[in-house]
Structures are given as structure tokens and as C-alpha cells.
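Observations on the three-dimensional arrangement
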8 protein chains.
Amino acid sequence: MKVAILMGSDSDFSVVKGAIDELNKFGVESVVRVLSAHRTPHEAVEFVMNAEEEGIELFIGCAGKAAHLAGVIAGVSSLPVIGLPIKSSTMDGLDSLLSMVQMPSGVPVATVAINGSQNAGLLAVQILSLKYPELRVAFKAFKKQMAEEVHLKNAKVQEMLNA
Amino acid sequence: MKVAILMGSDSDFSVVKGAIDELNKFGVESVVRVLSAHRTPHEAVEFVMNAEEEGIELFIGCAGKAAHLAGVIAGVSSLPVIGLPIKSSTMDGLDSLLSMVQMPSGVPVATVAINGSQNAGLLAVQILSLKYPELRVAFKAFKKQMAEEVHLKNAKVQEMLNA
Amino acid sequence: MKVAILMGSDSDFSVVKGAIDELNKFGVESVVRVLSAHRTPHEAVEFVMNAEEEGIELFIGCAGKAAHLAGVIAGVSSLPVIGLPIKSSTMDGLDSLLSMVQMPSGVPVATVAINGSQNAGLLAVQILSLKYPELRVAFKAFKKQMAEEVHLKNAKVQEMLNA
Amino acid sequence: MKVAILMGSDSDFSVVKGAIDELNKFGVESVVRVLSAHRTPHEAVEFVMNAEEEGIELFIGCAGKAAHLAGVIAGVSSLPVIGLPIKSSTMDGLDSLLSMVQMPSGVPVATVAINGSQNAGLLAVQILSLKYPELRVAFKAFKKQMAEEVHLKNAKVQEMLNA
Amino acid sequence: MKVAILMGSDSDFSVVKGAIDELNKFGVESVVRVLSAHRTPHEAVEFVMNAEEEGIELFIGCAGKAAHLAGVIAGVSSLPVIGLPIKSSTMDGLDSLLSMVQMPSGVPVATVAINGSQNAGLLAVQILSLKYPELRVAFKAFKKQMAEEVHLKNAKVQEMLNA
Amino acid sequence: MKVAILMGSDSDFSVVKGAIDELNKFGVESVVRVLSAHRTPHEAVEFVMNAEEEGIELFIGCAGKAAHLAGVIAGVSSLPVIGLPIKSSTMDGLDSLLSMVQMPSGVPVATVAINGSQNAGLLAVQILSLKYPELRVAFKAFKKQMAEEVHLKNAKVQEMLNA
Amino acid sequence: MKVAILMGSDSDFSVVKGAIDELNKFGVESVVRVLSAHRTPHEAVEFVMNAEEEGIELFIGCAGKAAHLAGVIAGVSSLPVIGLPIKSSTMDGLDSLLSMVQMPSGVPVATVAINGSQNAGLLAVQILSLKYPELRVAFKAFKKQMAEEVHLKNAKVQEMLNA
Amino acid sequence: MKVAILMGSDSDFSVVKGAIDELNKFGVESVVRVLSAHRTPHEAVEFVMNAEEEGIELFIGCAGKAAHLAGVIAGVSSLPVIGLPIKSSTMDGLDSLLSMVQMPSGVPVATVAINGSQNAGLLAVQILSLKYPELRVAFKAFKKQMAEEVHLKNAKVQEMLNA
């Protein structure tokens, strides 16, 4: 179970961290690389082309603004590609989102919410769970725990209301 | 290899057809249902809850406007959910896109382009290919064929230019 | 006179508080729950289905991003549903607004402004006033008081101008 | 059971018709007026001020572009006001929507989808059903019928798939 | 030479101040009122209807969100109405702008930039200058002075570059 | 009473015609020129600089896309400038609107709705009416007639409802 | 003088034709290729890498939706890259524009208007004119001719007005 | 090798500085002027008209809001014009971007990202490199160095992950 997480810049790391953490929690190995579709195009392509042989099973591409990285990965590889659009200092993330999600026919990118790093990690787990049933079991436990947390939050709100 | 395609209305069928056709080409069985998150919420939830037992391995949720269907599926099921936002008569699809892709942490929807039905089907194939290696082989062939078609289109353009 | 206020997350509480306060001022009882359309879908549906029997007369659904909660309530219940879109960290609330207001035919959500919690509470009062004439009387008094406050604000501005 | 439907221009009638029809189906009387917040402000205000005495129980305000009509009604009356934003020839209805839904604190407008005329009518029915229990019964029947129609649409799609 | 400046809320005062100051500089008298299209509709209309008799020659209407104030003035009065859209806490002023500028045929509002209070004042001066030639002279002097300020700014930048 | 109407291209004429017609109705002379801020910058500036001497009292600048014409006029002249943003084939007029209305401090453009040609003409009449009282009288008559037309439209709708 | 024009799909040809024609008029040779950043990434990169050696002096990259082609070229080549965003069937070209223009630091794309094919060609001519003075001369002649055409359009409008 | 950088206001200097620095690094002389299309239109035009004679080879026009400066330069000069849209306090830079990039046919502006000052400088270098081969060599070195920096950032991220 191995996922490659590529990000266009180390400034994206604080957001991308959420995806790495999520994979860690589920025991999924992640290979993380700062590789830019624009600044290191050849290395990016080379990394992606070799990925399948090195046991990578899917990609998470993280980028902002004219966010091409996920699309470039999807152009080269046949593995599923998750796109994580990063909000930058202008346009509130709309540019990143549209640059990722509006891919042309034939080359899909599975896009999650702007800055939705936890979801990028969880979607990877869900996809891997087709092959690794233990991840399905773990994901179901995660869903239960998430519901439990909502209960706790509800209790907290009730307390605030009664205070 | 079985995918469930849910759409909110039969008026979405002409778009959704592109995803069904793509799955057919790859020999992936699809179960198609018109089921609405809002008009038939109980049946939608029931269908989704039973899906895994009935061999469904992932979902494609297609909806327009306040497009909740994919999110509702993702709330109930642990299977991966692909979201296909449908362009409706106002807002040029932006409402459908944001309603699908901006899911809260914990409940991802793998969103493709507005009206990107072919990509919804292809993304399903890519995800299934983790478990079914023959689909990976077929997808690689598809990518080659797609490149061939670009060559043909290029030839066509050269002809037009020389005419 | 009982209103159910559902919010997707306790992080929405600081905004939602405005609606609760408004109902309190008018003497309308409110039942407040953190219940998520996506994280606790079954409990959300169950709560909504039992609401009418337990004396709930209308709902206020509060959520951000891909804000499905109000729509999910409206799918299950026949009571009127007020939607309060919450501004989150990206897209300035446009995602929440469109996810709430653009509901398909047959399942309306009465949407108020982004973060318009006071108006969510007041709209609830106005709707209840069809059945409870004392609320109509109180609302008219509120409107007068609101006009008085504008007079005071005007006086304050005149002072600033003359200073 | 009487609803006043005000529209800014007779050019909106083809859209507004959907709300009138819906009210008719539920046996709710509707008083329809072309009255403009901008072109006939005094008559609009006068109509709204007299409405409660004449048995009007809620308003539906329909307008496009800088769509002030619903807000003007809400400023004058204490009755609930439903806002129906009409899509015009520019801006795809976003101007109408924002002009209606973004009302300041104290003066809510219950806004439905752009061109969502059926929902404007249904929301009126839901609000009236607080006072008139027979409308609640009828609305529940409507929801069942709507679910039935989804079943029929599903059957139709199955036929198309098997053809 | 008398201009009426109406604002929907005293919270807009810090922005509106820019327009008042500009009028003061040109020696144009301004009557400033906090009057809301929604919270004090009758007083707003009454003020506007009496304005011409009281020597008001044009209006500046300032409001945010669903910014109806300028449009309401324009509906009642035949004097020119300048609209100053105020940026509020959501939607970055787009709601205010569209609510002001997209007025229907027959009822124009002369809209300036979001938070463009200085320009609201200057446009008033330019309009008044049709009748009061001394304002035209003063405005031409203002334009020269503005050019001078650009020269000074340019000098400042040259210094920074040479530093 | 003389107004200069400048348009960037003759393709805008069908829209601009609405402003010319309105001025004609009120007996205001209009000088119409196709002059582009970008294609004929020197002639545009020259025309604008000579305008005041030739009796022009205000400008209407009409342009689409990166609509600079009104701003260029406002930079050169001290006369009031009305901006009429024209909807072009992309971006639904948002580009034209923002390019016109978002003018920097010191150089206002009195912007009307996208394609709001009638309002551009009427605003010109309202501005001229400060100097020419007969236009004020005529504008008040116009407002009455406009209200009459609403009454006729209302009558028409009542007929349709009773049919 | 040789320009390479790459387009993502032959469906873009009708738009791109405008750029080719413009180059032809100025006697600039153009090499046109249908090459996709996503469907034929390796060939696209190969073409771009060899371009400088084959005498290409700048690129025009034309694409729609998640329009990565120009960015991919700019990542690989050191030649200037002009980006021509193509309007597709959703989002009115905003996706194409943002995907092209919002390039990260270090990798600029000189973006022109949505569907602005003539300008893509003219910008190429202007850039080439740094090296080829005859193009500067020709461009100045073009500007004069463009002004002449405005004069003719103005004459046409005068005729229409006098008719 | 001489580039003219014009900015509309000295408040833009902190952003524009990025372009100046970039040109300095490549040894390209820059002439910087605060000159406004609206506040000093005649001087702006005069500067632009004389530029070619004074050895200027291209322009960078920097402006915010209704950002006309680059377009005005392009209207007057035959030299290539790079447009740098500056983000201001409202609309997140969308107004600046659209005002610059959506230029009409015949008058292109080579637009870079919102606040993309480094790219404005680099694009200038790339354009100049057509004439000055040493800049091409330097740009290729810059691209290599940029790739090196990505490697270092990648190393930094690996360290953080292993920490």
C-alpha cells in the first residue's frame, strides 16, 4: 500500500501534511516529493513514469494557482490521480480548483475540496480499500469514530446552551 | 467489477450516458438508478447501504444545481464516490461543482469536470484497476489509442492548413 | 412554538448563536443539535423524521462549504426548512450559498444571507406568526424598535458630523 | 389561505406562472400583481401595507437583476416574504440572487433558487401548513407523488438501458 | 449646492466619510442621514420625496450586501442618484455592486467603485458643475493637483530606486 | 443640451441605440462617435479635449470586454462621464462592468447596468436636468408614464390569469 | 521568423485560425500542431524541446478548460510562450483563463483574452519585431489601418443616424 | 536592453519591485515611472510615444482595479506590452485581471498572474532574449537554478518528514 504525494512547492507542505497524516493513521505508506510541473517538468514526468514499477498505487497531486501538477501526472500515468487544490494569496482558491477539476475528456483528476487535505488522504484510503480489505474495515471504523465525535460536539454545544 | 451510477433525475441521463458507455467499453458492469437525495432520500440511502453486499465496488453520483447526491452517498457508504456535476440552466455549472467538490473533512467526493461524464467512467476504471489488473492493461491501451487520435486530429489540421 | 436548529459542526456555533438568541427574545423554544448530513446521516434523518411528532414546527439548517444539511432535512420532512449558509475559510461563502439555495424543484429551502443568523431566527418567527398571532404582534414591535435604532444611529452620525 | 405574488414586470410572468400553478394545485388562493419597487414604489408599498388586512398571509416577491422587490416588501410588512430571483439576460441570475438573499440583519427574505418558481409556491404551502393542517396533509401526499415520479423516471431509464 | 447622502447603517460611516469630505473640500453642502430602505422604509421615502423642495439637488445612496437604498431613492425621486456600494464581510462587495448597478430600465443609479467614497463625492461635484460653473473651475484645479501628486509619487519612487 | 456618446466599435451600436433614442425623446442633442480608447487613442483624446468648448455637457462612454473608453474620457475631461458596459461573447459582461465601475479614486465613471442603454440615456437627462428645469419636468412625466405602463402590464397579467 | 502554434484539440482550430491568419498577414511562418499536454504529453514535451533548434522563436499555446498546454510549454522551453485561453461549453472561459494566466513565479505565460486569437497572433508579431525591424514597420502600418477602419465604422454609424 | 515599467500609483511599488529586481538580476536596464492612465493621461501618452526613440524595447504596465494603464500603453505604442494586474482591497484582483487581459482585437496585452511581478520581469527577459542571445543563455541558467531550488525544497521536506 503505497501512495505518492507530489506537491508543487514546499510552501504547500503545511496543507499537504493533513493528507500525509491521514495516510499514516491508516498505515498506508506515502512517498512525498516536491516536484513541479513547471519548474522540474522532466523530473516530475520521470518520477511519475517510474512510479508504478516502484509499487506506487495512486497519486495525490497538490498545487495552487494555475495548478497543473495533478493533470500532468494524469497525462503520464495510468494510476488514479487525486487532485488537491491549494488556496493561494489571490482568487480564494477558485483558480486552483478550476485548473484541477476541469480536465479534458480522457484524463480525469479526482478532485477534492480546496485545501481539503484530510479528504485527499481519506479518498486515497477508500480507493486502496478496493484491493486491501483491511483498509475498508479501518475506514468503517473511522466513519463510526467520526460520528462519535459529532456526538461529543453535540454534547459540548448542549452544555454551552445550558450554561 | 460492478459500479453503481446514481443520478438525481432522468433529465441528467443524456450526460450520464457518457459514463455508462465508458464503463461498457472496459467491460465494467454498471447498475444505473434514478434516485434523488431530496425526492427519494430513504430509497437512496437504502440502495447505498445495500450496495456493498450486492457487489457494488464504487459509486458515481451525478446531480446538478444544489448537487447533494454524491455527498449523501459518501455520508452513508465507505466505498469511493465519484461526483459528476451536471450543468443546469443557471450558473453555468458552478453551483453543481461547488456543491460536490467542497465536501467537509471526513467525507470526500472524487469530483470530475462539469458534465465530464466520460472522465467519471474512466476514473472508475482507474480505481477498479487497483484490484483488477486487466483493467490497468486496458486503460494503458486506451491511453495509447487516445494519443493516436490526437495524431489523426493533427493530420486533419495539417490538411486543412495545406488546403 | 418549537424550532429545531441543526448545525453540521460545533465550529458553526458562534454564527448559529445569533439565530438561537433571536428565537429566545421572541420566546420561541429551540432544540439545537449538532448533526451532520455527512458524518451522522442516519441520526440526522432519524431526528428529522421524529421532529414533527415531538412538536417541532420548522427547521433551521446551518452548514458551510458543500452545505447539504438543510437540503437533506427538506428531503425528509414536510415542515418548512430555513437554510443558513455559513462562510468557511475558502470561497467567501459562495459555495455554502449555492449549495443551499439552488435546490431542485419540489424541495425548497428558504435561504437567508451568508452568516445571516439573526435573519434565520427572525424568519422563523415570521413563519410561526401565521399560527401564533402573539408573535406577529411581537414582530411588529421589533420592527418599530429596529426603526428606533436607526434613528439613534442617525443621531449618532449627526453628532459625529457636528463634532 | 391567501398569498400575494408580486412581480416587477410582466416579462417575469412565464417564470412566475410556476408558483401560481403550484398554489392552485394546493387550493391556495393567490393575488397576483405587477408592481415594481422602482417604477411604482408608492403603489407597491401601499399594496403591501394593506395586504395583511385583506387577508394576505405571506408574500412571494419575484424580480430580476438588481432585484429589490422582495426586500422592499420585507421592509414594509411583517408577513413572511419569499424571494424568487429571476434570471435575466446578463450575469446568469447571480445578480438577482445576491440582491435578494443578502438582506441585512432584521429584514429576512426567504430566498429560493434562481427561476425556482415551483419551489416558491411549495415553500408558501409549507409555511401556510403551520396554520392549515390540511395543507400539511396535502404536502405529504405531494412528497409521496414526487417519489413515485422518480420511480417512473427510473423505470424509463432502465428501459432505455435495456433497449 | 446641496447633496443628500443617505446610508443604510452607521457602520457604513467610516467609508461614507470620504464622500462627505470631498464635498466639503468643494464647498458643497451635504445633508447626511442614516435611513434604511428596509428598516425605515417610510421615513426613507418621505425624506426622498421632500428633498427636492428642500433644495437637495442630487443623492448619494450608500449601502452594502443586498444594497437597495440607492435604487429605492431612484424609484421615488427624479433627481440623479449616485450609488456607493459598500464592501461587507462576505462576497467582497460583489453583492453590493450588483445590487446597485444592475437597475432595471427606467430607473438608473450612477454607480461608482466598491467603497469608492471619494469618487461618489467627486461625481456629485461633476454633476453639480453643470449648473454651478465655479465647481467646474474647482474640479479642473483638482485634476491638476491630482496630476501634481502623481509627479510627487513618481519622484518618491525614483528616490527609492536610487537609494 | 448636448451629450457626446462615444462607442468603441460599431458592433456596439445596436445596444447604444437605446441611449440615443432616449435622449431624442427628451429633446437632448447627441453627438455620436465611434472612437476607440485603444485603436484611435489620439483622436479619442482630442475629441474629448475639445468637447467642452463645442458645447458638450456630458459624456456617455460605451465599451465591452476590457472596457477602458469611459475611464479614458474621465481621465481627460472634467465633464461627468456615464459608463455603459456592453456584454460581449465571453464572461457575460462581468469584465466590461468591472473595467468601468472599479475606477481609482479621483476619476469617477457613473456606471449603469450591463447593456443598460436606456438607463445611460435617462441618467444623462437627470444630470442635465440640474441645469435645464424643463428636463426635470419631462423626467417626472416620464416617471408617471412608466408607472402607467406597469398598470397596463398588471392589467394584461390579470387578463391572462382570468383567461 | 517562425512561430509554433500548439493546440490541445482540433476542435480549437476554428478559434486558433485567427492567430494563424494574423501571422500569415505579417509574413511570419507558423508551425501548427495538435498536441495535448494530457493526451500526448511525451510528444508535446519532445516537440517543445526540439523547437528552438528547429528555428522556432516563440510559442502560442491554445487550450480550454483546465488549460495546461501553455504552462507545460513554458515549463520546458526558454522561449516566450503566449497563452490563448479557449472558451468551452461551461464556465464561460473563466476556467481556461485562470488555468493559463495564474502561473507560478518563474514560469510566465503571456496570456491574451479568452478566444482572443487575433491578439495572440499580433502579440507574436510585436515580440518578433524586437528582432525583425520590418515587423515593427508592418505593425505600425497595421495600427494605422486599424484606426482607418474605426473611421469607416464611424462614418457608417453617422449614416445610420442620419438615415 | 531597456524596459519601461509604468505603474498607476506608488502604492503598487511594493508589488512592482519584484519585476524591477528580476530585470536587475538579468542586467536589463529599467526605466520606472509612476504615471496614471487616468490622473496623468497626457504625460502617460507622451512618455509612451517617446519611448521607442529613447531606446525602450518593451513595456510593463502595472495597475489595479479598473486597470487601464497597460491597455492605454498598447493603444499608443507598437512595442510589446506586458500587463501586471495588481490585487487591490476588493474583488481579490479579478477586476484588475479582467481589465487587463480582456483587450479587444488589435491591441494585445501580454498579461501575467495577479501580483505576478517576478513573472512580469521574467517574461520581459524572455521577449528581449529574441534579440539578445546572452539573455537566452542567462534564462536557461535561471531555469536550471530554479530546478535546483526545487531539489533543495524537496530535501527540506524529506527532512521534515523524517524528523
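Quantities reported herein were computed from a predicted structural model and do not represent experimental measurements. (Residues numbered from 1 in each chain as written. Chains lettered and ligands numbered in written order. Predicted model: local features only at pLDDT ≥ 70, side-chain atom pairs only at ≥ 80, totals over all residues. Heavy atoms only, no water.)

1. Notes on the overall build of chain A
Stated precisely, the cut-off is as follows: Note on conventions: DSSP H or I runs of at least 4 residues are helices, E runs of at least 2 residues are strands, and numbering of each starts at the N terminus. Partly exposed residues are those whose accessible area sits between 20% and 50% of the maximum for their type, while under 20% is buried and over 50% is exposed, using a 1.4 Å probe and protein chains only. By the convention used here, residues are in contact when the closest approach between their heavy atoms is within 4.5 Å. Per-residue and other accessible areas follow the Shrake-Rupley method at a 1.4 Å probe size, with only the shown protein chains counted as cover for residues. None of His or the chain ends enter the tally, which takes Lys and Arg as positive and Asp and Glu as negative. Taken as the charge location is NZ of Lys, CZ of Arg, CG of Asp or CD of Glu.
The helix and strand inventory of chain A stands at 6 helices and 5 strands. Seen in sequence order, chain A has helices and strands lined up from the N terminus as β-α-β-α-β-α-β-α-β-α-α. On the principal axes, the C-alpha backbone points of chain A span a range of 60 × 40 × 30 Å. With 163 residues in all, chain A has 70% of them scored as buried. Residue pairs in contact within chain A that sit at least 24 positions apart in sequence constitute 67% of those at least 6 positions apart. In the structure as shown, chain A presents an accessible area of about 5,100 Å², 52% of it carried by carbon and sulfur atoms. Separation between the mean location of the 14 positive side-chain charges and that of the 17 negative ones in chain A comes to 6 Å.

2. Let's talk about the interface of chain H and chain G
Rules: Accessible area that two parts lose when put together, evaluated with a 1.4 Å probe and summed over both, is termed the buried area. Salt bridges are counted wherever a side-chain nitrogen of Lys or Arg sits within 4 Å of a carboxyl oxygen of Asp or Glu. Within 3.5 Å is the distance limit for a polar contact, defined as a pair of N or O atoms, with the added protein rule that one can donate a hydrogen and the other accept it, and that residues adjacent in sequence qualify only through two side-chain atoms.
Facing 41 residues of chain H, the contacting portion of chain G comprises 41 residues. Between chain H and chain G lies a buried interface of about 3,400 Å² when both sides are counted; carbon and sulfur atoms form 58% of it. Of all residues in chain H, Ser78, Pro108 and Leu130 of chain H bury the most surface against chain G, accounting for 20% of the area lost on that side. Counting every contact that joins chain H to chain G gives 4 salt bridges. Between Glu52 of chain H and Arg136 of chain G there is a salt bridge, with the nearest N and O atoms lying 2.9 Å from each other. Where chain H touches chain G, the interface holds 29 residue pairs in polar contact (both at pLDDT 80 or more).

3. Topic: the relation of the copies chain H and chain G
What counts here: Least-squares fitting of one copy onto the other uses the C-alpha atoms of those residues that reach a pLDDT of at least 70 in both copies.
The two copies are related by a screw operation: chain H maps onto chain G through 180° of rotation and 0.0 Å of translation along the axis, at an RMSD of 0.0 Å. Put plainly, the chains are arranged around a two-fold axis. When the interface residues of chain H are mapped onto chain G, 100% of them again lie at the interface, so the same face is used by both copies.

4. Remarks on the pattern of salt bridges
Residues and elements named next belong to chain E. Scanning the entire structure with this criterion turns up 56 salt bridges over all chains. Measuring nitrogen to oxygen at the nearest pair gives 3.5 Å for the salt bridge that ties Lys25 to Glu22. Highlighted residues: Lys25 and Glu22, both in helix 1 (residues 13–25), separated by 3 residues, approximately one helical turn. Relative accessible area serves as the criterion here: at 3%, Glu22 is assigned to the buried category.

5. A word on the packing of helix 4 (residues 94–101) of chain G against helix 4 (residues 94–101) of chain H
Which entries qualify depends on this criterion: Only the contacting stretch of a helix is used when fitting its axis, a line to C-alpha atoms as for every element, and angles between N-to-C directions run 0 to 180 degrees. In these notes the angle categories are as follows: under 35 degrees is roughly parallel, over 145 is roughly antiparallel, 65 to 115 is roughly perpendicular, and the rest is oblique. Each residue is assigned to one class: nonpolar for Ala, Val, Leu, Ile, Met, Phe, Trp, Tyr, Cys and Pro, charged for Asp, Glu, Lys and Arg, and polar for all the others, Gly among them.
With their axes 13 Å apart at the nearest point, helix 4 of chain G and helix 4 of chain H run at an angle of 95° to one another. For the element pair helix 4 of chain G / helix 4 of chain H, the angle class is roughly perpendicular. Seen from helix 4 of chain G, the contacting residues are Leu94, Leu97, Leu98 and Val101 of chain G; seen from helix 4 of chain H, they are Leu94, Leu97, Leu98 and Val101 of chain H. Split by residue class, the contact of helix 4 of chain G with helix 4 of chain H holds 8 nonpolar, no polar and no charged.

6. A short note on helix 6 (residues 133–162) of chain A
Stated formally: To estimate the expected span of a helix, count its residues, drop one, and scale the result by 1.5 Å.
Here helix 6 of chain A spans 44 Å end to end across 30 residues, near enough to the 44 Å set by a 1.5 Å rise per residue. When we look at burial in helix 6 of chain A, the residues that qualify are Leu135, Arg136, Phe139, Phe142, Lys143, Met146, Ala147, Val150, Asn154 and Val157 of chain A. In this structure, the buried side of helix 6 of chain A is in contact with helix 1 (13–25) and helix 5 (117–128) of chain A, helix 3 (69–76) of chain B together with strand 1 (2–7), helix 1 (13–25) and strand 2 (29–34) of chain C.

7. So, the pairing of strand 1 (residues 2–7) of chain H
Residue and element names in this part refer to chain H. Put simply, the rule reads: Pairing between strands is defined by DSSP: at least two bridges between the two strands are required. Whether a crossover is right-handed comes down to one check: with the strands pointing away from the viewer, does the path from the first strand over the helix to the second run clockwise; if it does, it is right-handed.
Extensive coverage of strand 1 is indicated by the burial of 6 of its 6 residues. Residues Lys2, Ala4 and Leu6 line one face of strand 1 and the alternating positions Val3, Ile5 and Met7 line the opposite face, and both faces are buried. Relative to strand 2 (residues 29–34), strand 1 runs parallel, the two being bridged by 6 bridges. For Met7, the partnering residue across the bridge sits in strand 2 and is Val34. For the handedness criterion, the β-α-β arrangement of strand 1, helix 1 (residues 13–25) and strand 2 is classed as right-handed. As defined by bridge partners, strand 1 adjoins strand 3 (residues 58–64) across 5 bridges and the pair is classed as parallel. Paired with Met7 across the bridge in strand 3 is Cys62.

8. As for the environment of Val28 of chain E
Residues and elements named next belong to chain E. With respect to the helices, strands and loops of the structure, Val28 is situated in the loop between helix 1 and strand 2 (29–34). For the pair formed by Val28 and Met1, sequence separation is 27 residues and the distance between their alpha carbons is 5.5 Å. Those residues within four positions of Val28 in sequence are excluded, and the remaining contacts are Met1, Val3, Leu23, Val125, Leu128 and Leu135.

9. Quick look at the relation of the copies chain A and chain H
For the pair chain A and chain H, the superposition axis carries a translation of 0.0 Å, the fit reaches an RMSD of 0.0 Å, and the rotation angle comes to 90°. Interpreted geometrically, this transformation is the action of a four-fold axis. Relative to the rotation axis, the closest C-alpha in chain A is found at Asp92 of chain A, a distance of 5.5 Å.

10. Section: the pairing of strand 3 of chain H
Residue and element names in this part refer to chain H. Most of strand 3 is tucked away: 6 of the 7 residues are buried. Where strand 3 lies against strand 4 (residues 81–86), 6 bridges are found, and the strand directions are parallel. Each bridged residue has a counterpart across the sheet, and for Ala63 the counterpart in strand 4 is Pro85. Of the crossover connections in this fold, the one passing from strand 3 over helix 3 (residues 69–76) to the parallel strand 4 is right-handed.

11. Examining the arrangement of the chains
At the C-alpha level, the nearest point of chain A lies 11 Å from chain E, with no contact between them. The two units chain B and chain F never meet; even their closest C-alpha atoms stay 11 Å apart.

12. Considerations on the interface of chain A and chain H
Residue-level contacts link 18 residues of chain A with 16 residues of chain H. When chain A packs against chain H, the two sides together hide about 1,500 Å² of surface, and 64% of this comes from carbon and sulfur. There are 1 salt bridge connecting chain A and chain H. Residues Asp10 of chain A and Lys156 of chain H are paired through a salt bridge, measuring 2.8 Å at the closest nitrogen-oxygen approach. At the boundary of chain A with chain H, the tally comes to 7 residue pairs in polar contact (both at pLDDT 80 or more). Those elements that place two or more of their residues in the side of chain A that touches chain H are helix 1 and strand 2 (29–34) of chain A. Looking at which element gives the most residues to the side of chain A that touches chain H, the answer is strand 2 of chain A, with 3 residues.

13. Some points on the side chain of Asn119 of chain A
If you trace the backbone, Asn119 of chain A turns up in helix 5. On the accessibility criterion, Asn119 of chain A (2% relative accessible area) is buried.

14. With respect to the packing of aromatic side chains
Note the threshold: Only Phe, Tyr and Trp rings are paired, with Trp represented by its six-membered ring, and only when their centres lie within 6.5 Å; those with planes under 30 degrees apart are stacked, over 60 edge-to-face, the remainder tilted.
Inspection of every chain in the model, using the stated rule, returns 24 aromatic pairs over all chains. Seen from their ring centres, Phe139 of chain E and Phe142 of chain E are 5.5 Å apart, and the 45° between their planes marks the pair as tilted. Here the residue Phe139 of chain E and the residue Phe142 of chain E both occupy positions in helix 6 (residues 133–162), the gap between them amounting to 3 residues, near one helical turn. The exposure class of Phe139 of chain E is buried, given its relative accessible area of 1%. By way of ring pairs, the aromatic residues Phe26, Phe139 and Phe142 of chain A are connected into one cluster.

15. What to know about the confidence of the model for chain A
What counts, and what does not: pLDDT is a residue-level measure of predictor confidence that goes from 0 to 100.
For chain A, per-residue confidence averages 97 on the pLDDT scale, and 100% of positions sit at 70 or higher. For this predicted complex, the interface confidence reaches an ipTM of 0.98, while the overall pTM sits at 0.98.

16. Points about unusual backbone geometry
Trans peptide bonds make up most of the peptide bonds, and negative phi angles are found at most residues other than glycine. Even without glycine at this site, Asp92 of chain E takes up a positive phi of about 55°. Within the secondary structure, Asp92 of chain E is located in the loop between strand 4 (81–86) and helix 4 (94–101). Take Asp92 of chain E: its relative accessible area is 18%, and that puts it in the buried class. Unlike most non-glycine residues, Lys65 of chain G shows phi in positive territory, near 55°.

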